Every structure is written in structure tokens, then in C-alpha cells.
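# Summary of the model geometry
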Amino acid sequence: MITWDFSVTLNRAPTDEELDALFEAGLDDCSVSGGFKDGNVYVMCDREAETMLDAIASVIAQIKTVPGLWPVGVGEDDGVTLGDAARRHGGRTQASLRQLATGQRGPGGFPAPLIEADNISIYSWAEVSEWLRTRMGDDIPPGNPDVALADALVKVNCRARAAHREDGLRHLFEAIA
């Protein structure tokens, strides 16, 4: 088994009783921290599992055993603008990334945006960082596509929860899986 390191963002800060319940549910390989500038509360995990997705799924299942708590995100937000990507990269400018994205420079094949609206494009950091590492030889740590997928699914589930459409989302997921 591999030990996977990741974080899950909670919908709110747990009470002392809920912290005890999380620990009893099996999160003894995780710590809960919060009070950061973004106000979020994180469950920081070092979970042994066969795959990253298995590790994330097991932590989420344990969180959901505590009524009133649920995940709202996994890991670092994957969606980035080219400006965000330049800041995460640290060695490229937004203009450099824009030229790569439009094919004006580089080998082509820059990842397509996830979303395009009102002259703003949102890209997957996992896809962009992998492309920069493998196609451009940039020395940056890889993003984990499993974390990005888990984060996207958790966020879609939160939207379904807010719209009272969780059952519909579950049926849709079963149909496409």
C-alpha cells in the first residue's frame, strides 16, 4: 500500500464532539485545522490505500458518518486562469502561458480550457502542470489528476445538495459510469 497525502475541505468547523466522532470514524491518520486567511477548515490526511482515489473516497465516507459535516473540496483548487497558473508555476509569466495556450509558441497541444466565459478561460492545473513538465521540460511538481477529479466531483455534489438534486446526480453518475 501507498501512503497518500491530501486535504479535504469541510463545509464548516466541527465541534469538539464532532472532532471526536471523526476520530472514532477512522480519521486517526488525519488532522483537522482551520482559521487560515480563506476561513476554510481542512482535514489533512496521510492515508494508506491502493490508489489516491481509494484514499480520498475512504476519508470522505468517514467524514459523512458525522451528521452535518460534508466535504466541499479536495486538495488545492484545480481550476486556474493563466495568471493563476503563472503564479503557481513561479517561472513563467501569464503572457508566456497565453502564447503557449494559443499556439504562438511551443510544440502545440496546450490543454484546452475547462470553461470559457466572458473572455476568461479556466484551465485544469493538473493538466497544465503535466503538459509544462512533459512537453516543455519545466521543473515543477506535477498536479495530481486524481485529486482534480475528486475535487470536481465533490464540488458538483455540493451544487446538487444546494439544489436538492442529490438523488438525480447519483442516478446520472450511475448511468454514465
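Notes on the structure in this doc start here. (Residues numbered from 1 in each chain as written. Predicted model: local features only at pLDDT ≥ 70, side-chain atom pairs only at ≥ 80, totals over all residues. Heavy atoms only, no water.)

Along the backbone of the chain there are seven helices and seven strands. When its helices and strands are written in sequence order, the chain yields β-α-β-β-α-β-β-α-α-β-β-α-α-α. In terms of overall dimensions, the chain has a C-alpha envelope of 55 × 35 × 35 Å along the principal axes. The buried share among the 177 residues of the chain stands at 36%. For the chain, the proportion of contacts with a sequence separation of at least 24, taken over those separated by at least 6, is 59%. Counting every atom, the chain has about 10,600 Å² of accessible surface; 52% of that belongs to carbon and sulfur. Taken as two groups, the 16 positive and 28 negative side-chain charges of the chain have centres that lie 9 Å from each other. (Helix = DSSP H or I, 4+ residues; strand = E, 2+ residues; numbered from the N terminus. Buried < 20%, exposed > 50% of the residue type's maximum accessible area, 1.4 Å probe, protein only. Contact = heavy atoms within 4.5 Å. Areas by Shrake-Rupley, 256 points an atom, 1.4 Å probe, with all protein chains shown as cover. Lys, Arg positive; Asp, Glu negative; His and termini not counted. Charge placed at Lys NZ, Arg CZ, Asp CG, Glu CD.)

Okay, the nonpolar core next. Residues F6, V43, I56, V59, I63 and V74 are the most contacted members of the largest nonpolar core, which totals 24 residues. Taken together, the elements giving at least two residues each to this core come down to β1 (2-10), β3 (41-49), α2 (52-63) and α6 (145-162). By residue number, the principal contributor to this core is α2, which donates six residues. Excluding residues within four positions of it along the chain, I63 makes contact with V8, L10, L22, L27, V43, L69, W70 and P71. By size, the runner-up hydrophobic cluster in this structure holds 13 residues, among which are V80, L97, V128 and L132. (Core = buried A, V, L, I, M, F, W, Y, C linked by side-chain atoms within 4.5 Å.)

Let's shift gears to a nonpolar patch on the surface. Judged by side-chain polarity, L153, L172, F173 and I176 come together as a nonpolar surface patch covering roughly 410 Å² of accessible area. For the nonpolar patch, the element with the most residues is helix α7 (residues 166-176), which contributes three residues. Looking at the secondary structure, you find F173 in helix α7. For F173, a relative accessible area of 43% puts it in the partly exposed group. (Patch = residues over 30% accessible without salt bridge, like charges linked within 9 Å, V, L, I, M, F, W, Y side chains within 5 Å. Salt bridge = Lys/Arg side-chain N within 4 Å of Asp/Glu carboxyl O.)

Turning to the sheet that holds strand β2 (residues 30-33), a few remarks are in order. Strand order in the open sheet formed by four strands is β2-β3-β1-β4, and the pairing between neighbours is antiparallel. On the outer flanks of this sheet lie β2 and β4 (71-74), each paired with one strand and no other. Each strand of the sheet is rotated relative to its neighbour by a mean of 25°, with strand direction disregarded. The pairing of β1 with β4 spans three bridges and is classified as antiparallel. Bridge pairing in β4 places L10 opposite P71. (Pairing = 2+ DSSP bridges. Axes fitted to C-alpha atoms, helices over the stretch in contact; angles between N-to-C directions.)

The next subject is the sheet that holds strand β5 (residues 79-80). Reading across from one edge, β5-β7-β6 is the order of the three strands in this open sheet, with antiparallel pairing throughout. The strands lining the two open edges of the sheet, one partner per strand, are β5 and β6 (115-117). Two strands pair when backbone bridges link them, and β6 and strand β7 (residues 120-124) are joined in this way by three bridges, in the antiparallel orientation. By the bridge assignment for β7, E116 is matched with S121.

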